[in-house]
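Chain by chain, the residues run as shown.
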Amino acid sequence: MKLVQTPINNRADFDDPNLDPAAAHDTEFDDESPYPEVRSAVANTDDPSIDVTTLRVWVLGLAWAIIMPGVNQFFFFRYPSVPITGIVAQLLSFPIGRVCAAYLPRKKVFGISLNPGPFTIKEHVLITLSVVFGDVNTTNGFLHRGITRRFLVSPPSMIWPATLVSCALFNTLHSEQYAGIGQLGGLSRERFFVYVFTSAFLWFMALSWFSWVTWIWPDDPEHLVVSQLFGYGMSVITFDWAQIAYNGSPLATPWWATANVIIGFVIFYWIVTPILYFKNTWFSLYMPISSRTSFDNTQNTYNVTRILTSEGTFNATAYKEYSPIFIPTTFVMSYGLSFASITATIVHCYIHFRKQIWYQARRSLGEQADIHARLMNRYPQVPEWWYLSLFAFMFALGVISIEIWPTEMPVWAFVIALLIALPYVIPCGMIQAITNQQVGLNLLFRYSLPGKPVAMMLFKTFGYITMTQALIFTSDFKLGHYMKIPPRKMFWCQIVATIVAGTAQLGVQSWMFSIIPFTCPSTEVFGTASIFWVRVIGPERLFGSGQLYQDVTVTLPAVLVFFIIGTVSPIMGWLAMKRYPNSLIRYMKIPPASALNYVPWALVGFIFQYVIRRRNFAWWTKYNYVLSAALDAGLAVSVIFIFFV
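Cut-offs applied
Residues numbered from 1 in each chain as written. Predicted model: local features only at pLDDT ≥ 70, side-chain atom pairs only at ≥ 80, totals over all residues. Heavy atoms only, no water. Patch = residues over 30% accessible without salt bridge, like charges linked within 9 Å, V, L, I, M, F, W, Y side chains within 5 Å. Areas by Shrake-Rupley, 256 points an atom, 1.4 Å probe, with all protein chains shown as cover. Salt bridge = Lys/Arg side-chain N within 4 Å of Asp/Glu carboxyl O. Helix = DSSP H or I, 4+ residues; strand = E, 2+ residues; numbered from the N terminus. Buried < 20%, exposed > 50% of the residue type's maximum accessible area, 1.4 Å probe, protein only. pLDDT = per-residue confidence, 0-100. Contact = heavy atoms within 4.5 Å.

A. Examining a nonpolar patch on the surface more closely. Where nonpolar side chains cluster on the molecular surface, the patch consists of F393, L397, I400, I404 and W405 and spans about 550 Å² of accessible area. Following the sequence through the fold, I400 ends up in helix α15 (residues 384-404). Judged by its relative accessible area of 44%, I400 is partly exposed.

B. Examining the confidence of the model for the protein chain more closely. A residue-level look at the protein chain finds 73% of positions with pLDDT of 70 or above and a mean pLDDT of 78. When the elements of the protein chain are averaged for pLDDT, strand β1 (residues 3-4) gives the smallest value, 40, and helix α7 (residues 161-173) the largest, 92. Contacts from residues 552-556, a stretch scored under 50 in pLDDT, to residues over four places away or in other chains number 9 contacts. Scored below 50 in pLDDT, residues 591-596 shows 16 contacts in the model against residues more than four places distant or in partner chains.

C. Quick look at the pattern of salt bridges. What the rule picks out here adds up to 5 salt bridges. Put simply, R613 and E37 hold a salt bridge, and the shortest N to O gap is 2.6 Å. Placement of the pair is R613 in helix α22 (residues 599-615) and E37 in helix α2 (residues 36-41), with a sequence separation of 576 residues. A relative accessible area of 21% means that R613 is categorised as partly exposed. Taking the shortest distance from any N to any O, the salt bridge between R378 and D46 comes out at 3.9 Å.

D. A look at the side chain of Q432. Mapped onto the elements, Q432 comes out in helix α16 (residues 411-435). Using a relative accessible area of 15% as the deciding quantity, one classes Q432 as buried. For Q432, the contacting residues outside a window of four places in its chain are W160, P161, Q437, Q438 and L471.

Right under this line is the structure:
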């Protein structure tokens, strides 16, 4: 490995918590990534002669783009749903590709080779990504993807931890050897994967949640709240990888990011929430401390039909005669933190990443201080006008759709939804690329078009969903960046797979609606949100002036309080970091997170990303990401096996 004495300031001038500051100031890697996570999962070599867009790539990729989204759409409308993730296609494509390479004749038909040779790792990557592209079919996200390329894909500091798990699996299946995995002896990564995959497949569903404290007083009403608190994560233990990795694999998330999340969870949900609850804030003692259900003034589930007219519109008189809506304390807290994250995301990224953004805006791919960017520089990049042309075409289709169908959505709202999403893509993408945590900003798109629920759902789709899927596209392009897939070939595979998969999904959905009577639990949640937020209750009756959830302090409404918290918190952390630059404060960089149960996730992250990484770095380098991939794969295959067998 060649080391060059280069100052760290040659990179972006920002404090990178994933980079060891001591090592960075001494030397800079020239032929390797400066991040050990990347070195352990991504090869630092490339062979441009490897076939990429072969016939079997198109056949297998389009087959998966039809089958996987179609099957997932079919199961989406049932309860419980059975999601078939991309890792299933990643595993199955490997033996299928090997069989095609072994038995198809090496002939050409109309100048196209039926079998160009061995099944390559680049073919495997592109086939797998076709499945992911197929499940993400909001093509307006392509414009955001074109904008974010130089900010979220090219810079080495944007590591996208979740993609490293996929890279490790690809390299393990194809027996790739490179310096980053170290020289540790023992089991090969291939055999280790097989052992863990088999064990995970057999173990799944053996033992799930184990909240031992709730067994002590299962039926005693005097200890009901105590049981709820402990059931809310204070005593929970699980051996189910589906629950542990519910918020993303803890083996891929950096420990400093995991610690930020669990600290925020403890403060807001184990300390603040119980205090508000026992002080009977917002009549909280009349409800469970944690519930997804809203209540009326008789402690029963809120009956929304009682405040609707026969035409399904809001009846203000009936609302006054019936009851205001009451929501549990944790529900209020989750809304508050969502409000705080809206301002915290912008302020955080301005404080920490403004120089990095300006730096990358003026820097080309070949100028990146990273071996992977320099290797990718040999391939022609996707021109900006391709993205703009595609966006213009899709924008025209969007306008036609909302004008022809009875959506009640004006064109100006369509434009505003896209404009609101635009400034958040890069900040949210930077946070996700560094921390493996995506900031949820869906509430940002709920204050729109009052009295028009269909228009509100479309506004959210064109705004928040487009932004979210743009980040999925960007993450996949980072995977292609790591695996050295030519960008233009990847772009066209992305376009074709998205069109084919979207058509397949719509076909399956239309067929199901025409012949199968059923309810749609997942869709009902989306519809219920539009009823409560727009068509019926509305945010003004929850958080507006003079309403139940208005007074958190003496004069300030709840929404404004959390907006202020979100604005001030990153500034306070930044000032503290400036005062104590070498303390743990430099790792406190995540905006507030939502209320999921992070306890087992954080425990596993602490063991592998802190203890094992520090005490046995050689083992961590060789096996950590392979372990995560094997657990994900074992879980995905076992879910399908259990359901169908």
